[in-house]
Amino acid sequence: MLTGDAELQREDQRILADQIVYDRAENHLEAKGNVRLENLQGDRFRTEQLFLDLDQFIGYSSQSTYSLASNNARGDAQSIELAGKERVSLSKVRYTTCPPGRDDWFLSVGHLTLDKTRNVGVARNAVVRFKRTPLFYWPYLRFPISDQRQTGFLAPELGKSTKNGVEFGWPFYWNIAPNYDATITPRILSDRGLQTQAEFRYLGRPFQGQLDAEFLPNDDQTRTDRWAGKYAHRHNFGRGWSGQVDYAKVSDDQYLDDFKNNLAITSLTSLPQDAWVNYTSRVWYFRARALAYQTIDPTITPANEPYDRLPQLNLSARPPSRPGHPGLFFESEFNNFRRDEGLTGERLGLKLSVDWPFRKSYGFVIPKVSVYNLDYDLDLDPPQDDAPGVTVPAFSLDNGLVFERQGRFIQTLEPRLYYLNVPFRDQDDLPNFDTSLPTLAFDNLFRENRFLGGDRVGDTNQLTAAITTRLLGAADGVEHLRFSLGQIYYFKDRKVNLASGTVAARETSDLVAEIAARFAEKWYGRATVQWNNDIRETERSDFFLQYQPAANKIVNFRYSFQNEDFEQVDLSALWPVSRRWTLAASSSYSLEDSRNLESYAGFQYRSCCWALRFFARRRLDSEQQQVNDVLLQFELTGLARLGDVPDSPLRQSVFAPSKGFGSGPLR
């Protein structure tokens, strides 16, 4: 018998009590008075009396309190039964993840089993009480007691929209294996019927993938079966080989507009069906690709749909070269362009380049000679010139200097001249499968080809004059400010254009200016202006501003304008107004059309162990009608989350990095 702050420790278990009676022959004990049972994982049980068989760790206790370290859960029970070190059964239990003294929500359970081997809790006759008010009753409830995935029903989803009415879904999660799982969600749409959604995910050492499917039989509004599917797979075969599949398809053109609630998704005009395999080494790059599209915009006629590429083959090579020595680059691309209506055929594009870079810390000079070759095999009826082609040489000289001035900041001045000469070769008889003019931007002033795509090589004799200045931190090299200004000067008219027989006669391009700045780690801004000096008007402008004084505070603003045909303002913000209340809002508004594109506003209230989020959303659908949604999410921390809400403005920052302007394989 041990009395007075008695303590007994065995392996990872420890018992403390006022009195411990130990039976050595039977290897069991009885503890009385302020009994505490603890383990090295941090789980604790407190009671007044405990009986325990130490061989099998089987026992029982009187009225007890408990706390679990794995998910910060705690509560009390009328009695506890121990069935081994990893399994505990409790009767007439209260369970919560709220901190002590704040029982904002708790489970009232007739019988609760906590299985640490499977990290799952099973409750029978469970009532969820919020502020002591009963909300839900479940005769059987299974929930995780750790971060590990568990098979079972997830929290229901509830919402309301103009197109679908009241929406209610109850996801079922199936943890098939450590690297396979699935989620199946039956959804009741009051204005349409019963929809089933399914998601299957898998993960292997060299691969991963996901399959999503949705099906709504006999839509109450269209009287047709509606469905959607998407498959994505990534595979690393090793030794430089890799592959990917991205395939999406829907039953009809209106599916995304009817069942999705994000403008970025509902505004899609086509869905890619893409598969490729790559090989990459120090010298060689090879890609074999099959690319098709499902056009879902009814305003696009079959003759204007994007071409399928069945197949597309790329092969390029760049042998290593020593600094100060010539470098060789070879690139080729074969495409078989297919479409139900319009011209079809095959295109083979080749490009061979030799450059000789001279680089120093204060500047660079890069002369370069390239040769383009395009050959076609067209499907013409009756047969005409079905094998047109062209060969075009090109010469460029890129050079720049870097001046620095030391001070509190390092200020640089970087002038750059880029000369490009591409002689005229008649290309009016060539088809146009995928070629367009790129949007003018600062980086685009130094392109070798005036066109995006592989059907045209633009003739020109031009000089780009540009200058960039930067402010860099003297200690850390962080860029605080960058300003760039540039313009192209043409020495002759350009006769190769998308429209046959036309001539581009302007002597200069638009003036392009870009600025980006970050100050005090709170403010970030970026602006681009394209100025037409001939008519003295702005052709295009983009202004971005972001203010983020703390990790949970952000304001994003964007203004975009283009050719008097597009003028839009985007604004999003997330701002705490008190310790628990946070407001969030986002809006995209077309100034050109004076109408809302997509907006939402709402609030979040977060307590110590629960949260409530409410949002109202309004967006423009494909029929140019405003669609309203009401979104509500209720979360009991560590137990369940009911409903869905928009992404936080912290994730929706409009200041994502700009997309570069590429021209495809042949540049």
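The structure under discussion appears in the preceding block.
Here the structure is a predicted model, which is why all the values come from computation and not from measurement. (Residues numbered from 1 in each chain as written. Predicted model: local features only at pLDDT ≥ 70, side-chain atom pairs only at ≥ 80, totals over all residues. Heavy atoms only, no water.)

Peer 1: Go over the side chain of Gln195, please, and point to the residues and values.
Peer 2: With respect to the helices, strands and loops of the structure, Gln195 is situated in strand S17 (residues 193-203). Judged by relative accessible area, which is 0%, Gln195 ranks as buried. Side-chain polar atoms of Gln195 contact the side chain of Tyr255, separated by 3.2 Å. Sequence-distant contacts of Gln195, defined by excluding residues within four places in its chain, comprise Thr185, Pro186, Arg187, Leu189, Glu214, Phe215, Leu216, Tyr255 and Phe259. (Helix = DSSP H or I, 4+ residues; strand = E, 2+ residues; numbered from the N terminus. Buried < 20%, exposed > 50% of the residue type's maximum accessible area, 1.4 Å probe, protein only. Polar contact = N/O pair within 3.5 Å; in protein donor to acceptor, adjacent residues only side chain to side chain. Contact = heavy atoms within 4.5 Å.)

Peer 1: Let's hear about the pairing of strand S31 (residues 460-473): which residues, and what values?
Peer 2: As defined by bridge partners, strand S30 (residues 409-422) adjoins S31 across 14 bridges and the pair is classed as antiparallel. Residue pairing across strands places Tyr418 opposite Thr464, the latter belonging to S31. Linking S31 back to strand S32 (residues 479-490) in an antiparallel pair, the connection comprises five residues, with Gly477 at a positive phi of about 75°. (Pairing = 2+ DSSP bridges.)

Peer 1: Quick one: what's the story with the packing of aromatic side chains, residue by residue and with numbers?
Peer 2: Throughout the structure, instances matching the rule amount to 28 aromatic pairs. With a centroid separation of 5.4 Å and an interplanar angle of 45°, the aromatic rings of Trp581 and Phe603 are classed as tilted. With Trp581 in strand S38 (residues 581-590) and Phe603 in strand S39 (residues 595-606), the pair connects residues that are 22 residues apart, well separated along the chain. In this structure Phe603 comes out as partly exposed when scored by relative accessible area, which is 25%. (Phe/Tyr/Trp six-rings, centres within 6.5 Å; stacked < 30°, edge-to-face > 60°.)

Peer 1: Let's hear about the pattern of salt bridges: which residues, and what values?
Peer 2: Pairing between side chains of opposite charge can happen when their charged atoms approach one another. Throughout the structure, instances matching the rule amount to 46 salt bridges. With its nearest N and O atoms 3.5 Å apart, the salt bridge here joins Lys131 to Asp104. Of the two residues, Lys131 is situated in the loop between strand S10 (120-130) and strand S11 (133-144) and Asp104 in the loop between strand S8 (87-96) and strand S9 (105-115); the sequence distance between them amounts to 27 residues. Connected via shared salt-bridge partners are Lys163, Arg192, Asp219, Arg226, Asp252, Asp257, Asp258, Arg619 and Asp621. (Salt bridge = Lys/Arg side-chain N within 4 Å of Asp/Glu carboxyl O.)

Peer 1: Provide a residue-level description of the state of the cysteines, including the pertinent values.
Peer 2: Cysteine pairs can be covalently joined through their sulfur atoms, and such a bond is termed a disulfide. Within the structure shown, the criterion is met by one disulfide. Here Cys98 connects covalently by a disulfide to Cys609, the sulfurs 1.7 Å from one another. Residues Cys98 and Cys609 are joined by a disulfide whose S-S torsion is about 70°; by sign, that bridge is right-handed. Residue Cys98 is located in the loop between S8 and S9, and its partner Cys609 is located in the loop between S39 and strand S40 (610-620); the two are separated by 511 residues in the primary sequence. Cys609 gets classed as buried once you look at its relative accessible area, which sits at 0%. (Disulfide = S-S within 2.5 Å.)

Peer 1: So what about the environment of Tyr173? Which residues, and what values?
Peer 2: Relative to the assigned elements, Tyr173 resides in strand S15 (residues 172-177). Residue class for Tyr173 comes out buried when judged on its relative accessible area of 8%. Looking at Tyr173, its side chain comes within polar contact range of the side chain of Asp181, at 2.8 Å.

Peer 1: With reference to specific residues and values, describe a negative patch on the surface.
Peer 2: Together, Asp385, Asp426, Asp428 and Asp429 give the surface a local cluster of negative charge. For Asp429, the position within the fold is in the loop between S30 and S31. Since its relative accessible area comes to 45%, Asp429 is described here as partly exposed. (Patch = residues over 30% accessible without salt bridge, like charges linked within 9 Å, V, L, I, M, F, W, Y side chains within 5 Å. Areas by Shrake-Rupley, 256 points an atom, 1.4 Å probe, with all protein chains shown as cover. Lys, Arg positive; Asp, Glu negative; His and termini not counted. Charge placed at Lys NZ, Arg CZ, Asp CG, Glu CD.)

Peer 1: Outline the environment of Val496, supporting the account with residue identities and numerical values.
Peer 2: Mapped onto the elements of the fold, Val496 is located in the loop between S32 and strand S33 (511-519). Judged by its relative accessible area of 2%, Val496 is buried. Between the C-alpha atoms of Val496 and Asp386, which are 110 residues apart in sequence, the distance is 20 Å. Those residues in contact with Val496 that lie beyond four places of it in its chain are Phe424, Arg425, Gln427, Arg450, Phe451, Arg456, Val457, Gly458 and Asp459.

Peer 1: So what about the nonpolar core? Which residues, and what values?
Peer 2: Among the nonpolar cores identified, the biggest contains 43 residues, and Ile15, Leu90, Trp105, Leu107, Leu112 and Phe143 are the most heavily contacted of them. For this core, the leading source of residues is S9, giving five residues. Every residue in contact with Leu90, bar those within four places of it in the chain, is listed here: Tyr66, Ala77, Ser79, Ile80, Gly110, His111, Leu112 and Leu114. If you look at the next biggest cluster of nonpolar residues, it comprises 23 residues, including Leu374, Val390, Phe433 and Phe442. (Core = buried A, V, L, I, M, F, W, Y, C linked by side-chain atoms within 4.5 Å.)

Peer 1: Can you break down the pairing of S30 residue by residue, with the values?
Peer 2: Of the strand pairs in this sheet, strand S28 (residues 389-401) and S30 are connected by six bridges, and their pairing is antiparallel. Bridged to Asp398 within S30 is Tyr418. Pairing between strand S29 (residues 403-405) and S30: three bridges, direction antiparallel. Considered in S30, the bridge of Arg405 is made with Gln411. Here S29 folds back onto S30, and the loop between the two strands holds three residues.

Peer 1: Give a detailed account of unusual backbone geometry, specifying residues and quantitative values.
Peer 2: Along the chain, Leu310 connects to Pro311 via a cis peptide bond; the corresponding omega equals 0°. Within the secondary structure, Pro311 sits in strand S23 (residues 308-317). Positioned with a positive phi, Lys131 is a non-glycine residue whose angle comes to about 55°. On the basis of relative accessible area, Lys131 is assigned to the partly exposed category, the value being 46%. The backbone of Asn218 shows a phi angle near 50°, a positive value even though the residue is not glycine. Mapping Asn218 onto the fold places it in the loop between strand S18 (207-216) and strand S19 (226-238).

Just distances and angles here, no functional claims.
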